[in-house]
There are 2 protein chains.
Amino acid sequence: MTTIETSRSQYAQIADLVRRRIADGTYPAGAVLPSEDRLADELRVSRPTVNKALVILRNTGEIKVRRGAGTVVRSLPTILRDAKKRYAARNEGSGAGEVEVSRHALKSSTTYREISQTTPPMSVAEILGLAEGEQALLRSRVLYANGEPIQIADSYIPWRLAEGVPDLMRENAGRGGSYGRLADAGNPVTRFAEDITVRMPTDDEQRTLELETTQPVFEICHVAYSQDRPIEVCLHVMTGHLWKLHYEWDDPTHEQDS
Amino acid sequence: MTTIETSRSQYAQIADLVRRRIADGTYPAGAVLPSEDRLADELRVSRPTVNKALVILRNTGEIKVRRGAGTVVRSLPTILRDAKKRYAARNEGSGAGEVEVSRHALKSSTTYREISQTTPPMSVAEILGLAEGEQALLRSRVLYANGEPIQIADSYIPWRLAEGVPDLMRENAGRGGSYGRLADAGNPVTRFAEDITVRMPTDDEQRTLELETTQPVFEICHVAYSQDRPIEVCLHVMTGHLWKLHYEWDDPTHEQDS
């Protein structure tokens, strides 16, 4: 560190230094960083300067504060969510999110928060075409990769489609998951649609997904159709910095071009 | 305002009050807000408290500081980007982004920043399968809705495909745009793929898109294929709070379900 640097460039430089140490393996993935005091001593800067540097890296998700562990280096890779493949894979026996996580050689796990009859949010009721007061089955779960939360998924199925299907009330709905059971009951999924927005997390999402207030989430409103009838809406809230979403499709107009 | 409130809830309450005034039309879309001093006087709170409240609304994009105008109420609706439709619409005569903007009854405009032969970023060169040092045509533009910047789009086409096609060097590439010209030259687009990530804007993107440092952007890496050969990569950087991305597809597995 030379003496001409302003305070602004000083903490940005320290952030860069920590980045280089992460890249070169001095601080490997998952490792606990030295305390702010120790870094300040070693680098001969003030503790607030170190703190500001670490805030930058926390905002981008390069490091993360884990309760009881301290500040650790990011250990998860970017997880690819291939929309077509994830739902096509459902007959392989695992949930779609679990398939994605496993594909990256990470250990996946799912915690169910709620499986119950409920009044869905207005936006969901509208998509499902529910009458006023009509209920839905809610299956709410959190998906983890190597123990770190990466997604909240709240799935809503019209109660009139779900009530005769006991497997839908279980965490493990059986082969092919919920869609398998809906198909058994005469409602095979034939089409999907997804709307993607980005926003800051709510307080609850921030706690559940272990995010900073400054870290955005993807929200995917996923709709499954049986012919033209919507039979499920699943709201996915996903840690923005951990995911890459992938879509592909054939171009219907290329005959016109050539 | 009662006297028991803490300072934290005070500025959050003022943010809510401004929100209600936006919702009820006291401050209509596009209107300039009263100055912080006037709001502080009217609401009998300190100016820093008003400032903190307005920062909340700036971060969510509910209000925006426009140079020379002051702080204005958001006037753009959420713009729907329907991936399949946007490219299918290209033979209608306008650019894909312009079609989306117009569909929302907004005035669209496009400013070209650069049309030139260039060395593409490594990530782009890799997708296009370019040899070391191989060049590409860059078409870089900013899309506006009612005069507000909403998207930067940098399109890269391998130079060997572009060099014989003079229309690709023009802002208006003619009917069907760049894809029309590539098709004329024997490279019809037959498939698209898109990867979506979310991140904070760079300094340049922040200035160009009139964002706060705290407002995330979508980055879409759009790839056009002619049969199995990638012939274009377009990097879209889009104001996160103004867009909703839409994808839909038929489910290939439903025969197995039923």
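Description of the structure in this document.

Definitions and cut-offs
- Residues numbered from 1 in each chain as written.
- Chains lettered and ligands numbered in written order.
- Predicted model: local features only at pLDDT ≥ 70, side-chain atom pairs only at ≥ 80, totals over all residues.
- Heavy atoms only, no water.
- Helix = DSSP H or I, 4+ residues; strand = E, 2+ residues; numbered from the N terminus.
- Buried < 20%, exposed > 50% of the residue type's maximum accessible area, 1.4 Å probe, protein only.
- Polar contact = N/O pair within 3.5 Å; in protein donor to acceptor, adjacent residues only side chain to side chain.
- Contact = heavy atoms within 4.5 Å.
- Pairing = 2+ DSSP bridges.
- Least-squares fit on C-alpha atoms with pLDDT ≥ 70 in both.
- Axes fitted to C-alpha atoms, helices over the stretch in contact; angles between N-to-C directions.
- Parallel < 35°, antiparallel > 145°, perpendicular 65-115°, else oblique.
- Left-handed = near helix turned anticlockwise from the far one by under 90°.
- Nonpolar A, V, L, I, M, F, W, Y, C, P; charged D, E, K, R; others polar.
- Phe/Tyr/Trp six-rings, centres within 6.5 Å; stacked < 30°, edge-to-face > 60°.

**Let's talk about the side chain of Glu148(A)**
All names here are of chain A. Relative to the assigned elements, Glu-148 resides in strand S6 (residues 148-158). Residue classification places Glu-148 among the buried residues on the basis of a relative accessible area of 10%. Reaching out from Glu-148, the side chain makes a polar contact with the side chain of Ser-75 at a distance of 3.2 Å. Leave out the neighbours within four places in its chain, and Glu-148 touches Lys-64, Arg-66, Ser-75, Leu-76 and Leu-143.

**Quick notes on the pairing of strand S5 (residues 136-145) of chain A**
Residue and element names in this part refer to chain A. Counting buried positions over the 10 residues of S5 gives 9, a clear majority of the element. Pairing analysis gives 10 bridges linking S5 to S6, with the strands arranged antiparallel. The residue bridging Leu-137 from the neighbouring strand is Ile-157, located in S6. As consecutive antiparallel partners, S5 and S6 are separated by 2 residues, and within that stretch Asn-146 has a phi angle of approximately 45°, a positive value.

**Thoughts on the relation of the copies chain A and chain B**
Applying a rotation about an axis and a shift along it to one chain copy brings it onto the other copy. In the superposition of chain A on chain B (RMSD 0.0 Å, axial shift 0.0 Å), the rotation amounts to 180°. When the rotation and shift are considered jointly, the pair of chain copies conforms to a two-fold rotation axis. When the interface residues of chain A are mapped onto chain B, 98% of them again lie at the interface, so the same face is used by both copies.

**With respect to the packing of helix H2 (residues 36-43) of chain B against helix H3 (residues 47-59) of chain B**
Residues and elements named next belong to chain B. Interaxial distance between H2 and H3 falls to 8 Å at its minimum, and their mutual angle equals 110°. Judged by the inter-axis angle, H2 sits roughly perpendicular to H3. Taken as a pair, H2 and H3 cross one another with a handedness that is right-handed. Residue-level contacts link Glu-36, Asp-37, Leu-39 and Ala-40 of H2 to Arg-47, Val-50, Asn-51 and Leu-54 of H3. Of the residues belonging to the contact of H2 with H3, the class tally is 4 nonpolar, 1 polar and 3 charged.

**Side note on the sheet that holds strand S5 (residues 136-145) of chain B**
Taken together, the 8 strands give an open sheet; going across it, the order is S3(A)-S10(A)-S7(B)-S8(B)-S9(B)-S6(B)-S5(B)-S4(B), and neighbouring strands pair in mixed fashion. On the outer flanks of this sheet lie strand S3 (79-82) of chain A together with strand S4 (108-118) of chain B, each paired with one strand and no other. Geometrically, the sheet is characterised by an average inter-axis angle of 20° between neighbouring strands, direction not taken into account. Summarising the sheet, strand S6 (residues 148-158) of chain B and strand S9 (residues 229-239) of chain B pair through 6 bridges and their orientation is antiparallel. Across the sheet, Gln151(B) pairs through a bridge with Met238(B), a residue of S9(B). Where helix H5 (residues 96-103) of chain B meets the sheet, it contacts S4, S5 and S6 of chain B, and its direction lies at approximately 10° from that of S5(B).

**Examining the packing of aromatic side chains**
For the coordinates displayed, the defined rule picks out 14 aromatic pairs over all chains. Here the aromatic rings of Trp249(A) and Tyr87(B) are separated by 6.4 Å at their centres, their planes lie at 35°, and the arrangement is tilted. Highlighted residues: Trp249(A) in strand S10 (residues 243-250) and Tyr87(B) in helix H4 (residues 83-88), drawn from two different chains. Judged by relative accessible area, Trp249(A) falls into the buried class, the value being 4%. In this structure Tyr87(B) comes out as buried when scored by relative accessible area, which is 5%. On the basis of an interplanar angle of 40° and a centroid distance of 5.5 Å, the ring pair of Trp249(A) and Phe192(B) is categorised as tilted.

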